[in-house]
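An overview of the molecular structure
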Amino acid sequence: MSRTPEDVNKLTESTYKNVMEQFNPSLRNLVNLGKSYEKAVTAMTFAGKAYFDALSKIGENAAISPVSREMGVVLMEISEVHKKVQLELEESFKRFHRELITELERKTDMDIKYMNATFKRYQSEHKLKQDFLDKSQADLKKLRRKSQGKHSSKYELKENECMETILSRQTDMQRFIAEGCKEALLEEKRRFCFLVDKHCAFTNQLTAFHDKAKEMLTVKLPSWQDKCTDATRVPDTVISMIEGLRTPVTVITESSPTLGLDGNGLSRSASVSSGMDVVKKTRVQTIFPHTAGNNETLLSFDDGDIITLLIQEERDGWLYGELEHTGQRGWFPSSYCRAYKDSVITNRFNYQYYYSALAFNPFSAITMPVFLIRGGNPFATVKLRPTFTNDRSAPNI
């Protein structure tokens, strides 16, 4: 469907106005949002670095353990690989800033001036050509009025010349409007093409980043997963150490008749096989400080103190023991301590204490006491069971 010159001229002007009033302001807003995008990614990579640094520290602590050494090494490797991925992401967004945001900002500032000048030049030339055409049409009207008199033949030649001038100027105007509209539409398309091209380049950058990150992670992932498939697997060296703890021990007591014989006349110097077993009193190490306040039945201690349990069973979330370096006794929360690998050997005829001592080994076939499992696992939800009595008097040991 063909359009009149006036319709084409309106299209040209609306195209220039759309670029100046819609596209360029949107481009400037895009630049500001792009800068916010960069800041958000920078903050994310900074937080990610701090996170994986902390993970690496945990791995260093685990690497000291004889049984968790492999897990510690894996955690440190995971941390290093993820930090490399974060660095690659930072590099991608440096290019995003340099090749897209900076370029958009520069071209937006230049384009505002350029489009204003181009549009004004088009309007000026269009007005000038329209004025010439209007003048020629006005001249033709004057000649036609004069030719209506007695001497009409002498105006005929001038009228033909004026008609030719009008036709030439109309043709020139139509060509100018058509070319101006084509140029305006191309200017608009160039800007959208530029925007598409820059974001295609950015997409390529992100694709390359994701491909590289995937390669870095997938190469290591199978070996990491293989290390943690069996949480119950224990190194042979640790098993040998644990097995050594189960060797029967013979305890020699004093030779005094009073001390050496019990009520049945049996000697108290005996081996484990005879039923007079060596008892290892359970010891725990505190992981939080505890203050008794004014309650004399409670036990105060600092983080890292060693306590010998005088009662092996947990009672309503509380344990009773003796603080080694002071000799003070009292009750304390079971969740404030964890198993301590060394135990105090004492000579007492009690099988229950003997098996409690063996249960202290976390890799033994004997099940650990519930309070040790709960207190020693940092990923378990620690909740003190409600206390049903206020009786915290010292028990009869």
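If you're wondering where the values come from, they're calculated on a predicted model, not measured in any experiment.

**Here we look at the overall build of the protein**
When helices and strands are tallied, the protein shows seven helices and seven strands. Listing every helix and strand of the protein by position from the N terminus yields α-α-α-α-α-β-β-β-β-β-β-β-α-α. Split into buried and exposed, the 397 residues of the protein put 32% on the buried side. Considering only intrachain contacts with a sequence separation of at least 6, the fraction spanning at least 24 residues in the protein is 67%. Here the protein has roughly 25700 Å² of accessible surface; of this, 55% comes from carbon and sulfur atoms.

**Topic: the side chain of Glu38**
With respect to the element layout, Glu38 can be found in helix H1 (residues 5–64). Buried and unpaired, Glu38 has no salt bridge, with Lys35 as the nearest side chain of opposite charge at 7.2 Å. When sequence neighbours within four positions are dropped, the list of residues in contact with Glu38 reads Phe93, Phe96, His97 and Ile101.

**Topic: H1**
In an α-helix, one turn spans 3.6 residues; hence positions three or four apart end up facing the same way. Given a rise of 1.5 Å per residue, 60 residues ought to cover 88 Å, and the 86 Å separating the end C-alpha atoms of H1 matches this to within 8%. At Val19, H1 shows its largest bend, some 30°.

**Topic: the sheet that holds strand S5 (residues 329–333)**
With antiparallel pairing, five strands are arranged side by side in an open sheet as S5-S4-S3-S2-S6. Looking at which strands have only one partner, the edges of the open sheet turn out to be S5 and strand S6 (337–339). With direction set aside, neighbouring strand axes in the sheet form an average angle of 45°. As paired strands, strand S2 (residues 283–286) and S6 are joined by three bridges and run antiparallel to one another. Bridge assignment links Gln285 to a residue of S6, and that residue is Arg338.

**Observations regarding a positive patch on the surface**
Taken together, the side chains of Lys141, Lys142, Arg145, Lys146, Lys154 and Lys158 make up a positively charged region of the molecular surface. Element by element, the count of residues in the positive patch is highest for helix H2 (residues 69–146), at four residues. Mapped onto the fold, Lys142 is located in helix H2. The partly exposed category is assigned to Lys142, whose relative accessible area is 47%.

**Here's the deal with the packing of aromatic side chains**
Throughout the structure, instances matching the rule amount to 13 aromatic pairs. On the basis of an interplanar angle of 75° and a centroid distance of 5.7 Å, the ring pair of Tyr37 and Phe96 is categorised as edge-to-face. Remark: Phe96 occurs in helix H2 and Tyr37 occurs in helix H1; sequence separation between them is 59 residues. Taking relative accessible area as the criterion, Tyr37 reaches 38% and is therefore assigned partly exposed. Its relative accessible area of 5% is what places Phe96 among the buried residues.

**Thoughts on the packing of H2 against helix H3 (residues 156–227)**
Across the interface, H2 lies against H3 with an axial gap of 10 Å and an inter-helix angle of 175°. It follows from the interaxial angle that H2 and H3 lie roughly antiparallel.

**Comments concerning the nonpolar core**
Judged by nonpolar contacts, the single largest core of 16 residues is most densely connected at Phe93, Phe96, Leu100 and Leu104. Contributing elements (two or more residues each) for this core: H1, H2 and H3. Top contributing element to this core by residue count: H2, with seven residues. With sequence-adjacent residues up to four places away left out, Leu104 is seen in contact with Leu27, Leu30, Val31, Phe194 and Leu195. Among the nonpolar cores identified, the runner-up in size contains nine residues, and Val284, Phe301, Ile307 and Cys337 belong to it.

**What to know about the pairing of strand S3 (residues 306–315)**
Buried residues dominate S3, accounting for eight of its ten residues. Bridge count for S2 against S3 is three bridges, and the pairing is antiparallel. For Val284, the partnering residue across the bridge sits in S3 and is Ile307. Between S3 and strand S4 (residues 318–323), which pair antiparallel one after the other, the connecting turn spans two residues, and Asp316 there sits at a positive phi close to 55°.

**With respect to the confidence of the model for the protein**
For the protein, per-residue confidence averages 79 on the pLDDT scale, and residues scoring 70 or more make up 74% of the total. Residue range residues 247–278 is modelled with pLDDT below 50. Its contacts to residues more than four positions away, or to other chains, number 38 contacts.

Rules used in this analysis
- Residues numbered from 1 in each chain as written.
- Predicted model: local features only at pLDDT ≥ 70, side-chain atom pairs only at ≥ 80, totals over all residues.
- Heavy atoms only, no water.
- Helix = DSSP H or I, 4+ residues; strand = E, 2+ residues; numbered from the N terminus.
- Buried < 20%, exposed > 50% of the residue type's maximum accessible area, 1.4 Å probe, protein only.
- Contact = heavy atoms within 4.5 Å.
- Areas by Shrake-Rupley, 256 points an atom, 1.4 Å probe, with all protein chains shown as cover.
- Lys, Arg positive; Asp, Glu negative; His and termini not counted.
- Salt bridge = Lys/Arg side-chain N within 4 Å of Asp/Glu carboxyl O.
- Expected span 1.5 Å × (residues − 1).
- Bend = angle between axes of the 7 residues up to and from the residue.
- Pairing = 2+ DSSP bridges.
- Axes fitted to C-alpha atoms, helices over the stretch in contact; angles between N-to-C directions.
- Patch = residues over 30% accessible without salt bridge, like charges linked within 9 Å, V, L, I, M, F, W, Y side chains within 5 Å.
- Charge placed at Lys NZ, Arg CZ, Asp CG, Glu CD.
- Phe/Tyr/Trp six-rings, centres within 6.5 Å; stacked < 30°, edge-to-face > 60°.
- Parallel < 35°, antiparallel > 145°, perpendicular 65-115°, else oblique.
- Core = buried A, V, L, I, M, F, W, Y, C linked by side-chain atoms within 4.5 Å.
- pLDDT = per-residue confidence, 0-100.

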